[in-house]
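Each chain is listed here by its residues.
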Amino acid sequence: MIEIKHLTKTYGDAEDAPRALDDVSLEIADGDIMGIIGMSGAGKSTLVRCINLLERPTSGEIIVDGQDVTGLSGTSLRSYRRRVAMIFQSFGLLSQKTVLSNVCFPFLAANGKVTPENRERALELLDMVGLREKASSYPSQLSGGQQQRVAIARALACDPEYILCDEATSALDPASTNTILKLLRDINRKTGVTVIVITHSMGVVEKICHNVAVLEHGRVVEQGSVADVFANP
Ligand code: ADP
Ligand code: ADP
């Protein structure tokens, strides 16, 4: 599980610098689909960047399976990042590589090569997202929803424990959004991977999340089961 404890982040050193995150405490249980919802400026991106350690928190802890990760560097940072896969609004696929090569990319990055077993695994993952027949296509030949499915397959190539989805459906039309959300839910059921959904959209949270935290001005103002939190007027 991920326990975020009293996380605070200010950009810059000024005494009175505004807090992008202000004493955020959250628990994300293993196997959960957890939503983190907030309006623009609430601190969602900052929280994502702190969880994957693109930013270091100003204070507080991020404890993953009992270990505070905020000080990790070098190889332990790289292996931590493989445990927490990312999916972005803009998909982030390599445009000059085929779909299959994109899904194989994490193997290349981790080991410097792609073995036949890796390629087999990548094709299985493409099967899982329903795009095996697109293995030889390039990202530009796919729809946005299909590109995001490739990104999901790529995220799963590292066998992550967590998938961090940063506005993953914000660039998609409603039909593709539903496909992606259903896919994430199926993968969560099938593999037990914990899914963290960062979004400004209540609809997204209502569709797939079990639990939710509401972020406002860098603070968690509510958290609990989706039914409880959204039942409060
Ligand atoms: P969200 O993703 O919810 O829109 P952000 O995490 O991007 O929120 O922003 C939270 C607050 O932190 C905002 O007030 C924003 O202006 C500020 N902020 C974000 N990134 C930076 C940065 N690199 N430097 C200074 N302030 C920043
Ligand atoms: P690159 O982008 O590095 O030129 P490709 O993505 O075209 O490489 O191919 C990577 C490897 O996967 C090659 O060995 C290729 O033969 C194999 N490959 C490509 N498409 C398929 C497919 N649809 N099914 C099985 N193997 C494939």
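Residues numbered from 1 in each chain as written. Chains lettered and ligands numbered in written order. Predicted model: local features only at pLDDT ≥ 70, side-chain atom pairs only at ≥ 80, totals over all residues. Heavy atoms only, no water.

Trainee: So, the overall build of the protein chain: which residues are in play, and what are the values?
Mentor: Assigned secondary structure in the protein chain consists of eight helices and ten strands. The C-alpha radius of gyration computed for the protein chain amounts to 18 Å, which stays within 12% of the reference 17 Å derived for 233 residues, consistent with globular compactness. If one aligns the C-alpha atoms of the protein chain with their principal axes, the spans along those axes are about 50 × 45 × 30 Å. For the protein chain, the residues scored as buried account for 49% of the 233 residues in total. (Helix = DSSP H or I, 4+ residues; strand = E, 2+ residues; numbered from the N terminus. Rg over C-alpha atoms; globule rule 2.2 N^0.38 Å. Buried < 20%, exposed > 50% of the residue type's maximum accessible area, 1.4 Å probe, protein only.)

Trainee: Describe in detail helix α5 (residues 144-156), supporting the description with residues and values.
Mentor: Under the 1.5 Å per step criterion, the end-to-end length of α5 is 19 Å for 13 residues, consistent within 8% with the ideal 18 Å. Across the 13 residues that make up α5, a large majority, eleven, are buried. Residues of α5 that are buried in the fold lie against β6 (84-88), α3 (99-111), α4 (116-128), β7 (162-166) and α6 (174-191). (Expected span 1.5 Å × (residues − 1). Contact = heavy atoms within 4.5 Å.)

Trainee: Describe the pairing of strand β1 (residues 2-10), listing the residues and the values that go with them.
Mentor: Of all the nine residues making up β1, seven are buried; the element is thus mostly covered by neighbouring parts of the structure. Two strands pair when backbone bridges link them, and β1 and strand β2 (residues 19-28) are joined in this way by six bridges, in the antiparallel orientation. Within β2, the residue paired with Ile-4 across the bridge is Leu-26. (Pairing = 2+ DSSP bridges.)

Trainee: Describe the site of ligand 1, naming the residues involved and giving the relevant values.
Mentor: Close contacts around ligand 1 come from Tyr-11, Ala-20, Met-39, Ser-40, Gly-41, Ala-42, Gly-43, Lys-44, Ser-45, Thr-46 and Arg-49, and that covers them all. Residue Ser-45 places a side-chain N or O atom 2.6 Å away from an oxygen atom belonging to ligand 1. Contact with the protein chains hides 55% of the accessible area of ligand 1, taken as 560 Å² for the molecule alone. Per-element accounting of the shell around ligand 1 gives the leading share, four residues, to helix α1 (residues 44-51). Grouping the amino acids of the shell around ligand 1 by side-chain chemistry returns four nonpolar, five polar and two charged. (Near = heavy atom within 4 Å. Polar contact = N/O pair within 3.5 Å; in protein donor to acceptor, adjacent residues only side chain to side chain. Areas by Shrake-Rupley, 256 points an atom, 1.4 Å probe, with all protein chains shown as cover. Nonpolar A, V, L, I, M, F, W, Y, C, P; charged D, E, K, R; others polar.)

Trainee: A description of the site of ligand 2 should follow, citing residues and the corresponding values.
Mentor: Lining the immediate environment of ligand 2, one finds Thr-98, Leu-100, Ser-101, Arg-119, Leu-123, Ala-135 and Ser-136. Contact distances for ligand 2 include 2.9 Å between a nitrogen atom and a side-chain N or O atom of Ser-136. Isolated, ligand 2 exposes 560 Å² of accessible area, and the fraction of that covered by the protein chains is 47%. Put simply, the parts of the chain that give the shell around ligand 2 at least two residues each are α3 and α4. Across the shell around ligand 2, the residue classes break down as three nonpolar, three polar and one charged.

Trainee: Break down empty space enclosed by the protein for me, citing the residues and quoting the values.
Mentor: Per the stated rule, a full pass over the model turns up one cavity of 30 Å³ or more. Each pocket or cavity is described by its volume, and for the largest cavity that value is around 70 Å³. Every residue lining the largest cavity is listed: Cys-165, Glu-167, Ala-168, Thr-169, Ser-170, Leu-181, Leu-184, Val-197, Ile-198, Thr-199, Val-204 and Ile-208. It is strand β8 (residues 194-199) that contributes the most residues to the lining of the largest cavity, three residues altogether. When the residues that make up the lining of the largest cavity are grouped by side-chain class, the tally is eight nonpolar, three polar and one charged. (1 Å grid on protein atoms, 1.4 Å probe; cavity = no way out; pocket = protein on both sides within 12 Å on 5 of 7 lines; lining within 4 Å. Points joined across faces, edges and corners; volume = space filled by probe spheres on them.)

Trainee: Now, about the sheet that holds β2: what can you tell me, with residues and values included?
Mentor: Taken in spatial order, the four strands line up as β2-β1-β4-β5 in an open sheet, and their pairing is antiparallel. Among the strands making up the open sheet, the edge pair consists of β2 and β5 (67-68). Most of the contacts of α1 go to β1, to which it runs at about 120°, and overall it touches β1, β2 and β4 (59-64). (Axes fitted to C-alpha atoms, helices over the stretch in contact; angles between N-to-C directions.)

Trainee: Go over the side chain of Glu-3 with me, naming the residues and quoting the values.
Mentor: If you trace the backbone, Glu-3 turns up in strand β1. Lys-5 provides the closest opposite charge to the buried, salt-bridge-free Glu-3, at an N-O distance of 4.0 Å. Those residues within four positions of Glu-3 in sequence are excluded, and the remaining contacts are Leu-26, Glu-27, Glu-61, Ile-62 and Ile-63. (Lys, Arg positive; Asp, Glu negative; His and termini not counted. Salt bridge = Lys/Arg side-chain N within 4 Å of Asp/Glu carboxyl O.)

These values are about where atoms sit, not about what they do.
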